[in-house]
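Secondary and tertiary structure notes
Single-letter residue listing:
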Amino acid sequence: MLLPRLHKEVLMQVSNGIHLEDHPVIAAQLDALKSRAKRIYGRAMTTPAGEPTRFRVMSTKLTAAIQAHPIAAVAIAFTAGYVVVRIARR
């Protein structure tokens with residue numbers, strides 16, 4: 001299996017001062033992942049007709065609510081994070 005061997009090889013190279021992006025296999029996989037992420041983001045934000053999707057409308061409303069009430073938004077974010085961590089520790 002190539003992945004565990006590649007992972008071990010990459011870890012050894014990183015400890016020797018070689019960056020992950022310098023490895024050709026990882027660079028190719030990273031480029032493929034970036035292009036897929038951009039494609040998914042583009043589909044989530046617009047429809048083929050150019051109209052905003054429900055996700056885009058919700059994102060715009062959420063951004064406006066956060067800008068209107070920044071302290072409440074931070075409190076909600078910390079509360080949600082705390083709950084997730086407590087659930088994950090079980």
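Residues numbered from 1 in each chain as written. Predicted model: local features only at pLDDT ≥ 70, side-chain atom pairs only at ≥ 80, totals over all residues. Heavy atoms only, no water.

A separate point is the overall build of the protein chain. The helix and strand tally for the protein chain stands at 4 helices and 0 strands. Along the chain direction, N to C, the helices and strands of the protein chain fall in the order α-α-α-α. Carbon and sulfur atoms make up 67% of the accessible area of the protein chain, which amounts to about 8100 Å² in all. (Helix = DSSP H or I, 4+ residues; strand = E, 2+ residues; numbered from the N terminus. Areas by Shrake-Rupley, 256 points an atom, 1.4 Å probe, with all protein chains shown as cover.)

Here we come to the confidence of the model for the protein chain. Chain-level pLDDT for the protein chain is 78 on average; 72% of the residues reach the 70-or-more range. When mean pLDDT is compared element by element in the protein chain, helix 4 (residues 70-89) scores highest at 94, while helix 1 (residues 2-15) scores lowest at 52. (pLDDT = per-residue confidence, 0-100.)

Judged by side-chain polarity, Tyr 82, Val 83 and Ile 87 come together as a nonpolar surface patch covering roughly 320 Å² of accessible area. Mapped onto the elements of the fold, Ile 87 is located in helix 4. Residue classification places Ile 87 among the exposed positions, given a relative accessible area of 57%. (Patch = residues over 30% accessible without salt bridge, like charges linked within 9 Å, V, L, I, M, F, W, Y side chains within 5 Å. Salt bridge = Lys/Arg side-chain N within 4 Å of Asp/Glu carboxyl O. Buried < 20%, exposed > 50% of the residue type's maximum accessible area, 1.4 Å probe, protein only.)

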